Amino acid sequence: MSGMVRAAGRAALDLLLPPVCLTCDRPVDAAGQFCADCFARTGFITEPCCRACGVPFAHAAAGGAERLCVICRAVPPAWRRARGALRYDAQAARLVLALKYADRPDLAAPLAVLMARAGAVLLREADLIVPVPLHRRRLFARRYNQSALLAQALGRRSGVAVVPDLLCRVRGTRPLGNLGRAARAEALRGAIAVRPGRAALAAGRHVLLIDDVLTSGATAATCTEVLLAAGAASVDVLVAARVADPRGG
Ligand SMILES: [Zn+2]
Ligand SMILES: [Zn+2]
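Residues numbered from 1 in each chain as written. Chains lettered and ligands numbered in written order. Predicted model: local features only at pLDDT ≥ 70, side-chain atom pairs only at ≥ 80, totals over all residues. Heavy atoms only, no water.

Participant: What exactly am I supposed to notice about the coordination of the zinc ion (ligand 2) here?
Facilitator: In an ideal tetrahedron of four donors about a metal, each angle is 109.5 degrees. In an ideal octahedron of six donors, the angles are 90 or 180 degrees. Protein coordination of the zinc ion (ligand 2) is provided by Cys50 (SG), Cys53 (SG), Cys69 (SG) and Cys72 (SG), with donor distances spanning 2.2 to 2.4 Å. Here the zinc ion (ligand 2) is ringed by four donor atoms whose angles at the metal span 105 to 116 degrees, and the overall shape comes out tetrahedral. Going along the chain, you hit the donors of the zinc ion (ligand 2) in the pattern C-x2-C-x15-C-x2-C. Here cysteine 53, found in the loop between helix H2 (36-41) and helix H3 (70-74), pairs with cysteine 69, found in the loop between H2 and H3; they are 16 residues apart in sequence, far enough to count as distant. Since its relative accessible area comes to 4%, cysteine 69 is described here as buried. (Donors = N, O, S within 2.8 Å, 3.2 Å for Na, K, Ca; no water. Tetrahedral: all angles 85-135°; square planar, octahedral: opposite > 155°, others 65-115°. Helix = DSSP H or I, 4+ residues; strand = E, 2+ residues; numbered from the N terminus. Buried < 20%, exposed > 50% of the residue type's maximum accessible area, 1.4 Å probe, protein only.)

Written as structure tokens, this is what we have:
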């Protein structure tokens, strides 16, 4: 059965069946909610966290007076601030991977609710929401860009303008999963650009960049550099989930 038919079937079923938890099959009061057990199991990122990259701190004193993690202290990121709604663990992976690979575009709206909460300040100061682009080939295989779905859901919630195609992949990149930080940056060099003729949209604007997961930050850093080169006043990054250990990935 094609994904499209499956998605349509799910939408039709949603009208008939009571809403279930985002990550299990237990009934909940309204669509887009966790049941009590799954809610308790979900790693929401709250303060204290690194003010530059949003990595959660174990305790308030961890970031020192600057409130920066060790990595951001050593190498300040290109973006101004990054925030994630969830720690990337098994529970967050269930949501993010379902959105990405399992024909669950309906998960974008509830994830955007969590992102809007975690990134309230970023969203308030943004002029423009821009998703991390997906290469045409992957877009064709998956039919949608999960980051663009999150961006559009955030735009609907906040009223901030969304430009889904401001950035584009100039060429494909091999999966970055196994590469270290420097190798990821090298693999991405020249792979992402502002779409020809679109630079004026970014010029002088405070851009909020949206992605599903922040791992090493290499992709977000490349997008940030490209946006700043196009004249963006600032770039913040908001993701659904971020890898919590700055040394991992
Ligand atoms: Zn549940
Ligand atoms: Zn940091």
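Participant: In this structure, what is going on with the nonpolar core? I would like to understand it.
Facilitator: Note on soluble globular proteins: their nonpolar side chains tend to be buried together. Membership of the largest hydrophobic core comes to 35 residues, with the highest contact counts inside it found for Leu154 and Ile210. Mapped onto this core, the elements with two or more residues apiece are strand E1 (82-87), helix H4 (90-101), helix H5 (108-118), helix H6 (120-124), helix H8 (146-158), strand E6 (206-214) and strand E7 (234-242). With six residues, the single largest contributor to this core is H5. Here leucine 154 is in contact with Ala112, Met115, Ala116, Leu123, Ile129, Ile210 and Leu238, once residues within four sequence places are set aside. Ranked by size, the runner-up nonpolar core spans 34 residues in total, among them Cys53, Val132, Leu188 and Leu209. (Core = buried A, V, L, I, M, F, W, Y, C linked by side-chain atoms within 4.5 Å. Contact = heavy atoms within 4.5 Å.)

Participant: It is not clear to me how H8 should be interpreted in this structure. Could you clarify?
Facilitator: Since there are 3.6 residues in each turn of an α-helix, residues three or four apart along the chain are aligned in direction. Taking 1.5 Å of rise per residue, 13 residues should cover 18 Å, and H8 covers 18 Å from first to last C-alpha, within 8% of that figure. Those residues of H8 lying buried are Gln146, Ser147, Ala148, Leu150, Ala151, Ala153, Leu154 and Gly155. You can read the cap of H8 off the contacts: a side-chain oxygen lies 2.9 Å from the backbone nitrogen of serine 147, and it is on asparagine 145. (Expected span 1.5 Å × (residues − 1). Polar contact = N/O pair within 3.5 Å; in protein donor to acceptor, adjacent residues only side chain to side chain.)

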